[in-house]
Amino acid sequence: MSRVLVLFAHPGQRHSRVNLAMAKAASSVADVTFADLYAEYPTFGIDIDIEQKRLLAHDTVVFQFPLYWYSTPSLLKEWQDLVLEYGFSYGPGGDKLQGKKFLAVVTAGGRPAAYDADVNRMHGLRTLLSPLQRSVEVCGMTFLPPFVLFGAIDANSDGRAPRHILAYRSLLEALRDDRLDPAIPSRENFLDYSHIPMGKEMEA
Ligand SMILES: Cc1cc2nc3c(=O)[nH]c(=O)nc-3n(C[C@H](O)[C@H](O)[C@H](O)COP(=O)(O)O)c2cc1C
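Keep in mind it's a predicted model, so treat the numbers as computed, not measured.

(A) Region of the structure containing the pattern of salt bridges. By the definition in use, this model includes 14 salt bridges. Of the charged contacts, one joins Asp158 and Arg111 as a salt bridge, the two residues approaching to 3.8 Å between their closest N and O atoms. You can see Asp158 sitting in the loop between β6 (147–149) and α7 (161–176) and its partner Arg111 sitting in the loop between β4 (101–107) and α5 (125–128), a full 47 residues away along the chain. One salt bridge connects Arg179 with Asp177, and the closest N-O pair in it is separated by 3.3 Å. Among the charged side chains, a network of salt bridges with common partners joins Arg111, Asp154, Asp158 and Arg160.

(B) Structural context of the nonpolar core. Ranked by internal contacts, the top residues of the largest apolar core, which has 34 residues, are Leu7, Leu55, Phe63, Phe65, Trp79 and Phe102. Mapped onto this core, the elements with two or more residues apiece are β1 (4–8), α2 (37–40), β3 (60–66), α4 (74–83), β4 and α6 (130–138). Sort the elements by how many residues they give to this core and α4 lands first, with four residues. Residues in contact with Phe63, not counting those within four places in the same chain, are Leu7, Leu76, Trp79, Gln80, Phe102, Leu103, Ala104, Val105 and Leu132. Core analysis: the next-biggest nonpolar cluster, separate from the first, contains 29 residues, Val6, Ala25, Ala167 and Leu171 among them.

(C) Geometry of the environment of Asp192. Here Asp192 is to be found in the loop between α8 (184–187) and α9 (200–203). Through-space distance from the C-alpha of Asp192 to that of Val148 is 8.1 Å; in sequence the pair is 44 residues apart. In terms of polar contacts, Asp192 uses its side chain to reach the side chain of Ser194, at 2.5 Å.

(D) A look at the site of the ligand. What surrounds the ligand is a group of 17 residues, the closest being His10, Ser16, Arg17, Thr107 and Tyr115. In this structure, an oxygen atom belonging to the ligand sits 2.7 Å away from a side-chain N or O atom of His10. The separation between an oxygen atom of the ligand and a polar main-chain atom of Arg17 is 2.6 Å. Starting from 630 Å² of accessible surface for the ligand in isolation, the protein chains cover 78%.

(E) Representation of the pairing of β4. For β4, the buried fraction is high: six of the seven residues fall into the buried class. Of the strand pairs in this sheet, β3 and β4 are connected by seven bridges, and their pairing is parallel. Bridged to Val61 within β4 is Phe102. Between the parallel pair β3 and β4, the chain is carried across by α4, and the sense of this crossover is right-handed. Across two bridges, the pairing between β4 and strand β5 (residues 142–143) is parallel. If you follow Lys101 over to β5, its bridge partner there is Thr142. Note that β4 and β6 share three bridges and pair parallel. Residue Val106 lies in a different strand from β6, and its bridge partner there is Val148.

Scoring rules and cut-offs
Residues numbered from 1 in each chain as written. Predicted model: local features only at pLDDT ≥ 70, side-chain atom pairs only at ≥ 80, totals over all residues. Heavy atoms only, no water. Salt bridge = Lys/Arg side-chain N within 4 Å of Asp/Glu carboxyl O. Helix = DSSP H or I, 4+ residues; strand = E, 2+ residues; numbered from the N terminus. Core = buried A, V, L, I, M, F, W, Y, C linked by side-chain atoms within 4.5 Å. Buried < 20%, exposed > 50% of the residue type's maximum accessible area, 1.4 Å probe, protein only. Contact = heavy atoms within 4.5 Å. Polar contact = N/O pair within 3.5 Å; in protein donor to acceptor, adjacent residues only side chain to side chain. Near = heavy atom within 4 Å. Areas by Shrake-Rupley, 256 points an atom, 1.4 Å probe, with all protein chains shown as cover. Pairing = 2+ DSSP bridges. Right-handed = clockwise from strand over helix to strand, strands pointing away.

Next up, the structure:
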């Protein structure tokens, strides 16, 4: 068993078409810890000690967020700036996150073509997420290929959302049960449904 922590960050939840449903699914997975950062810290007063203790108590850390201006929403950046402290996650004695896994679960309004690295090398989504990857790697964590929903704004109207939500749930269960192929991080740019051992609902 891997102890999985989901840190969900979405500042505009009343307008959410997909993240809120994903968050609901995540929060119902047994033995997975779910935290809604904007609900816990509406005024950005992040409790660094609590957050660091929460990290120490888990093996896998998931950031779930909508892409906002090609980055994380601001509270999640604040969380990184404050919680990933010198002496805790890097620098002398800063080895507390070594060996943990990290997964970014991202929704993007843009369609895949908008993030195609072959079309625009600078703006491929893996390139845009590289500050996050570099940061967690400096902390000694393994950056798993991100799980991304492109064209998230249309995912309900074109029928992709329910499958994505089920796949997310299955992904969290697989992380919890250590059922993801360990070779995936070095091999893939993104996690897709074929990498996720699906539950019965997906096979139907
Ligand atoms: C302030 C803001 C900034 C956004 N920036 C981007 C962006 O840089 N790239 C992108 O593809 N979508 C962007 N979007 C669209 C969101 O990523 C999209 O609405 C969200 O992923 C959909 O998830 P939700 O229905 O749960 O909110 C932005 C939306 C907002 C409100």
